[in-house]
Amino acid sequence: MTKPRIRLPEQAKVGEVIEVKTLISHVMETGQRKEADGKSIPRSIINSFTAKFAGTEVFNAELQPGISANPYIAFHMKVPGPGEFEFTWVDDAGVKVVEKQKLNVV
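Reading the values: the criteria
Residues numbered from 1 in each chain as written. Predicted model: local features only at pLDDT ≥ 70, side-chain atom pairs only at ≥ 80, totals over all residues. Heavy atoms only, no water. Helix = DSSP H or I, 4+ residues; strand = E, 2+ residues; numbered from the N terminus. Buried < 20%, exposed > 50% of the residue type's maximum accessible area, 1.4 Å probe, protein only. Contact = heavy atoms within 4.5 Å. Areas by Shrake-Rupley, 256 points an atom, 1.4 Å probe, with all protein chains shown as cover. Lys, Arg positive; Asp, Glu negative; His and termini not counted. Charge placed at Lys NZ, Arg CZ, Asp CG, Glu CD. Pairing = 2+ DSSP bridges. Axes fitted to C-alpha atoms, helices over the stretch in contact; angles between N-to-C directions.

> How do you make sense of the overall build of the protein when you look at a structure like this?
Along its length, the protein carries 0 helices and 7 strands. Element order for the protein, N to C, with α for helix and β for strand: β-β-β-β-β-β-β. Principal-axis analysis of the C-alpha atoms places the extent of the protein at approximately 60 × 20 × 20 Å. Evaluated residue by residue, the protein yields a buried proportion of 35% over its 106 residues. For the protein, the share of sequence-separated contacts (at least 6 apart) that also reach a separation of at least 24 residues comes to 59%. Element-wise, carbon and sulfur atoms account for 48% of the exposed surface of the protein, whose accessible area totals about 6,500 Å². When the 14 basic and 13 acidic side-chain charges of the protein are each reduced to a single mean position, those positions are 3 Å apart.

> Explain the sheet that holds strand 3 (residues 46-53) to me, please; I cannot follow it from the model alone.
Adjacent strands of a sheet form backbone hydrogen bonds with each other and so pair up, either parallel or antiparallel. In spatial order, the strands read 4-3-6-7; together these 4 strands make up an open sheet with antiparallel pairing. Sheet topology places strand 4 (56-62) and strand 7 (96-103) at the edges, where each strand pairs with a single neighbour. Strand-to-strand twist in this sheet, taken as the mean axis angle between neighbours without regard to direction, amounts to 15 degrees. Pairing geometry for strand 3 and strand 6 (residues 83-91), over 7 bridges, is antiparallel. Paired with T50 across the two strands is T88, which belongs to strand 6.

> Help me out: how do you make sense of the pairing of strand 3 in this one?
Within a regular strand, the side chains alternate between the two sheet faces. Two elements, strand 3 and strand 4, share 6 bridges in a ladder whose sense is antiparallel. Residue pairing for strand 4: A51 is matched across the bridge by F59. Counting the residues between successive antiparallel strands, the hairpin from strand 3 to strand 4 contains 2 residues, one of them, A54, with a positive phi of roughly 50 degrees.

> Can you help me understand the pairing of strand 6 in this one?
In terms of burial, strand 6 is a largely internal element, 7 of the 9 residues being buried. Examined bridge by bridge, strand 6 and strand 7 share 8 bridges and lie antiparallel to one another. Pairing of V90 across the sheet is with K96, part of strand 7.

> Can you help me understand the sheet that holds strand 5 (residues 72-78) in this one?
Spatially, the 3 strands line up as an open sheet ordered 1-2-5, and their pairing is antiparallel. Two strands in the sheet have a free side with no partner beyond their single neighbour: strand 1 (5-7) and strand 5. Going across the sheet, the axis of each strand differs from the next one's by a mean of 15 degrees, ignoring polarity. In the sheet, strand 1 pairs with strand 2 (residues 17-23) via 3 bridges, with the strands oriented antiparallel. Among the inter-strand pairings, R5 is bridged to a residue of strand 2, identified as L23.

> Teacher, can you tell me more about the environment of V98 here?
In this structure, V98 sits in strand 7. The partly exposed category is assigned to V98, whose relative accessible area is 39%. In sequence terms V98 and F87 are 11 residues apart; their C-alpha atoms lie 5.6 Å from each other. Contacts of V98, omitting those with residues within four sequence positions, involve E86, F87 and T88.

Everything listed here is a matter of geometry and, on its own, says nothing about what the molecule does.
See below:
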C-alpha cells in the first residue's frame with residue numbers, strides 16, 4: 001500500500017457537517033482469478049478502515065472482496081470541535097497504514 005490521499009475541507013466550524021474523502025492504492029485481489037498456468041491468485045484485500053477524530057472513532061468499514069482496486073471511501077461527520085483525524089487501513093497480510101491529518105476548526 002502506498003501513502004493514502006485524504007481530502008478535508010480547508011476549514012470547518014464547530015457543528016458543521018463536513019465530507020471526508022480518502023483514496024488508497026491497493027490491488028484488492030479477490031482470490032478468484034487465476035494466473036496463465038491455472039494457479040489461483042491469492043486473496044489480498046484491505047479488510048478494514050477506521051477513522052478517528054480527537055481519539056474517538058467516527059467511522060469504520062469492513063471491506064469485502066467485491067470492492068474495486070484502489071478503494072475510495074467518503075463519509076460525512078459533524079465537527080465536534082478542534083482535533084486531528086487518524087485514518088487506519090489494514091489488509092489481509094496485516095499490513096497497516098496509519099495517516100494523521102489535522103482539521104482546521106475556526
